[in-house]
Structures are given as C-alpha cells and as structure tokens.
Amino acid sequence: MNILISDRNRKLIFTLVIFFIISFSVISAQEALKSTEEEYYDFLALQGFTERPTLNYRTLSDSVWTIKEGASHPWENQNLGTKRRLFDLLDLKIYGPELFNSINTAAPYGQNDGALWQGKGYNLSLTAGARLEAYGFELTYKPQVAFSQNVGFDIMPSNYDSEYGYFWGYGHNIGVDAPQRFGDKPFFTYDWGDSEIRFTWKTLTFGFGTQAIWLGAAYINPILHSNNAPTYPKFDIGLRKQKVIIPKLNWNLGYVEARYWLGYLSESAYFDNDSSNDHTMFHGLSLAYSPPISSELVFSINRVCLVDWKFENLKYVIPSKNNTNEDQKASFGISYTLPKAGLNIFGELGIDDFTLANGYVRYPFHTMVYSGGVKKAFNLPWDQLSGEVILELSNLEMSQDFQFQWPYSFYFHHNVTQGYTNRGQWLGTGVGTGGNSQYLGFKLYYPKGFGLLYFYRNNPDNNYLYKDTINTTVASPTGTAIGFHNFKASFSWGIGALYYITKSLTVSGEFSHQFIVNPTFESNTIPDVQFEDREMHNFRITLGIKYSL
C-alpha cells in the first residue's frame, strides 16, 4: 500500500523533526543499580561533587544524580547516559543496549547480576530499555534476557525433592530454595528487570513494577536486599529523600525517607513438588533519617516479612512479634561521609526472630549478623587521575547460643521453607547464608575509563558444619570428627578495566582466579594434610559492551 504525503505535510514533519532535535537537551542522570555510571556518581559523592539522591532505599527510579556546576572530574567529557527533555514536556532516558558475557571454567561464580545465573561455562546477559516522564508519571521498560550454558560440575546430595536443591536444611521443615545447579541443560531467562509504572507528587511516590531494590550503604553484600536475584512484581508507596522544615520557625529537622512495598516472590523449579506453596508474600519497610547536624550522616532501619501468599496475610503490613506464620527480619544501618576527606564509613546489623526485651538482656547477639566497611577516595598528582579503595566485611554465621538449641541460618525458616530467596537466588548477600566474606578493591579512574584490582575471600556456609556440633560432643552424629579442615572457602583475585572507545561506547572486561578449598565440604580425618582433589581452580573471564545515547 502506498501512502501519499503532501508537500505541506512533508514540511510539517520536517519541522517537527528539527524541533525534536533542537529540544533534546540534557537534564540529569538516572542510573540502574550497580551500573558503571551509578558507581561512578557514588565515587563523586565521596568528594562532594554530587549529592546522593537517596538515604537508604535505592532503585533505578530513585537514583537521580546531578553533578555540581563547575566540578572537575575524570569523566566530564564522556556521555554518562543522561536524561533528556523532549518538547519541554516529556523527559526521556535510553538505557543501553548493554551486553555482558562471562565464562567460568570450573564452578559458578558471580553476584549482583539480576536474573543471570553465572554457572560453569558461558553466560550472557542483555539489557536495554527506555524511561518516559511527564506530569509526575513515570514509565520504565528495561528487561533483562539471560543465558547460562550450565555445564555440569560436582554438587552435594540435595536435601529437597529436586536432585539439584540445596544441600542442607532441618529436614523439610527448615530450609531454603537455593539450587546448587539449575537443572542439567542450558537455559534462557526473561526477566522484566527494572520495569515499572509510577506516579510522584513532589517527594510522595507510589508505583507498581519489578525494579530491583538495594537497601543500605553496603558496596557488595547488603544484608536484606540487593539486585542479586531475579526481580519480582511489587507495589510500593513512600516518601523520597525529603528535607523537613518547620513552617514559620524555619527549623531544619534534617532529611527523612520512607518506603513500604508489597512483593510477590516465586519458587524455583528445583525445590519441592508442592504447587500450593509456589509463591510468597513479601512485606518490606524502609525508614531513614539524616539529622540537621550533617546531611552526610544517615541512620536507617529496614524490616521485611515473608509469609504465605494469602489474602489474610496482608495484615502483616504492620510489624508484629511472636507470630508463628511469618518470617520477619530487620536491620539497622549507619553511614557517614566526610567529603573533605573523601571518606565514607558504613555498617549494618541484622536480626531475626524478634524476641522480648529480656531475651536481648540475656543474650543480645541472638541471630545477629553484620556487615560494614570503608570507602576512601584519593587523588594522584596527575590531572584527572583519581581513585578509591573499598573495604567491606560481612558475617552471617549463626550466633553461638544455637549450640544449645537447634540448627539455624539467617536466610532459613520453618514456615517459609523457600527461605529468603526469589526464583532460587538469594535476595540479600550474593554469597548466601551462614558464612562470612571480606572484600578489598582498588579502582583508578582516568579520562578514558578505569582500572580495577580486587581480592575477595568468603566461607559460603559455615552453618552447614556448625549444625552438626549442636548438642553433641566433638564428633558429628555420623561419627566423623569435625574440625578446621572441613570448611569450604573461596579466595578470588581479579583485574578489570573499562575503556571509552567513543563518548558513548564503552568496552569492559575482567579476569579473575578463584581458588576453592574443599568445594563439597568433605571430611578430612588426617589433620594438616592437603589433598589436591579437595581443591579447585576456577578462572572467570568477562566482556561487556555498552552504548549510551
């Protein structure tokens, strides 16, 4: 079919196109969690070149950054993917496309990557999307397509219906939906990613979608929520970062931030054969406050509640205690930044199983876990060459009072047997439950990109060993001595880089070596003897390509 366009209409179309181009002006940046751009803006915030847009609760929609006028920084001549205005009416932000590839030679390795599961073999993630804003309404579509070759490797016997399930739990009563491997075949995953519909009036906001959440100031392992797992549908309402001023008196009370969300979690295909418990209701509440003495000092509290997906369980929107049908957890955080020193200190304490006050008097460390760290920016004598050092420690091992009680792990629970996961991946720390981790990274920025060197050590689940010493002597119920040599551990080091080929096109890559000790928690009855078959070397190579409009 031929469509005829008159000369008058051609002129009108040409005028609209020209007007479209002319009115395409830069406003500000809005970045996805843990993206290269968001981490760079956070680095600038260490030095006071920009202000963090959130206190504690972060999603793509909340991550709006503006660099202070006149600030000189390494990437000032690069396109950081800014938001643009059309016709003085509509704001547009294009994301990507961004392609990520990785290869693991011996074992799964990778975290904070959304729906992607970086198993052994080749892995791929592709993201792209757009965001429109007008009259307070926000529409974001940014899905993720992932592929995992999922090559076989040695796993431990499953404790669940699926042979690929997690390797321990307290029978079928207390456990977790965290498969060691997602089946025995390559697979594709489609995830809605950072997509949502939202309306915001001043700082009051509510929306429905699947945007990933990051709670707290942790760099790599927040206790209660990260972007490690696939996204899930949720409704949220709350107040974005808001300065509080008492009218007439003009008293500054500091900044506040509050957000509640209701989410719909799903079980993986590698847990149990009971279809009646495939979905879990997620209640989340995040509150944060920054006092007037310093806008860089932030106190936060987060509460989450997992319960069966039933209409009557909407009542758990209100925090409660001593109920038997839910799994509640909380965390308390603090973050303090000194821009003149380029320093940020942060920490978070998590608790489970709320108890009466006398319980905390008797033993205040019951179910307590923690994470904390330091970020420090530094400048070198050469122009536009600066970097940061990041140190983060975390511990999610069960408290010692459980030696007199029963097996326990922070992300396990007896009523919500899928534990603290969504579609088989951890909602909190990417290294999982019951262990500890230490991360040290050095990143150097220069006008065309950055270089990275890091060291990362962790015990993925020491609670698997600790459970067999409960109410026993030095031997486990199976009669095998448990000692220092039974621990599984991982030590990784890696180097990475990102380079701006053009102002809008970047290429990035990383090479890392992961040394895994005792990958299947085997018993060693001969102390101080090392066995090569109880060690594994995994090499990981990544390649990323991103184009920013």
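What counts and what doesn't
- Residues numbered from 1 in each chain as written.
- Predicted model: local features only at pLDDT ≥ 70, side-chain atom pairs only at ≥ 80, totals over all residues.
- Heavy atoms only, no water.
- Helix = DSSP H or I, 4+ residues; strand = E, 2+ residues; numbered from the N terminus.
- Buried < 20%, exposed > 50% of the residue type's maximum accessible area, 1.4 Å probe, protein only.
- Contact = heavy atoms within 4.5 Å.
- Areas by Shrake-Rupley, 256 points an atom, 1.4 Å probe, with all protein chains shown as cover.
- Salt bridge = Lys/Arg side-chain N within 4 Å of Asp/Glu carboxyl O.
- Phe/Tyr/Trp six-rings, centres within 6.5 Å; stacked < 30°, edge-to-face > 60°.
- Lys NZ or Arg CZ within 6 Å of the ring centre and 35° of its normal.
- Pairing = 2+ DSSP bridges.
- Core = buried A, V, L, I, M, F, W, Y, C linked by side-chain atoms within 4.5 Å.

(A) View of the overall build of the protein chain. For the protein chain, the count of helices and strands is four helices and 27 strands. Taking all 549 residues of the protein chain together, 53% fall into the buried category. Restricting to contacts in the protein chain with at least 6 residues of sequence separation, those with at least 24 account for 68%. Just so you have it, the protein chain exposes about 25,400 Å², and 64% of that area is on carbon and sulfur atoms.

(B) Structural context of the pattern of salt bridges. Per the counting criterion, the structure on display carries 23 salt bridges. Across the salt bridge formed by Arg259 and Asp236, the nearest N and O atoms sit 3.0 Å from each other. With a gap of 23 residues between them, Arg259 in strand β14 (residues 251–266) and Asp236 in strand β13 (residues 234–246) connect regions that are remote in the sequence. Of the two residues, Arg259 and Asp236, neither departs from the other in class, the shared state being buried.

(C) Structural view of the environment of Gly441. Looking at where Gly441 falls in the secondary structure, it is placed in strand β23 (residues 436–446). As for Gly441 and Gly494, which are separated by 53 residues in sequence, their C-alpha atoms are 9.3 Å apart. Discounting residues that sit within four places of it in the chain, Gly441 has contacts with Glu388, Val389, Ile390, Leu453 and Tyr454.

(D) Looking closely at the packing of aromatic side chains. Scanning all chains against the criterion turns up 45 aromatic pairs. In this structure, Lys241 is placed above the aromatic ring of Tyr255, and the distance from its NZ or CZ to the ring centre is 5.0 Å. The ring of Phe450 is capped by Lys443, whose NZ or CZ atom sits 4.7 Å from the centre of that ring.

(E) Spotlight on the pairing of β23. Relative to β23, strand β20 (residues 386–395) is paired through ten bridges, and the arrangement is antiparallel. Residue Leu391 lies in a different strand from β23, and its bridge partner there is Leu440. Alignment of β23 against strand β24 (residues 449–459), held across eleven bridges, turns out to be antiparallel. Counterpart to Ser437 in the pairing with β24 is Asn458. Following β23, the chain reverses through two residues before pairing antiparallel with β24.

(F) Spatial organisation of the nonpolar core. Counting residues in hydrophobic clusters, the biggest one holds 38 residues, and the most contacted among them are Tyr166, Trp261, Phe282, Phe410 and Tyr420. Elements supplying a minimum of two residues to this core: β14, β16 (297–308) and α4 (463–466). Looking at this core, the element that brings in the most residues is α4, giving three residues. Within the second largest apolar cluster, 24 residues are counted, among which are Leu44, Tyr445, Tyr456 and Tyr500.

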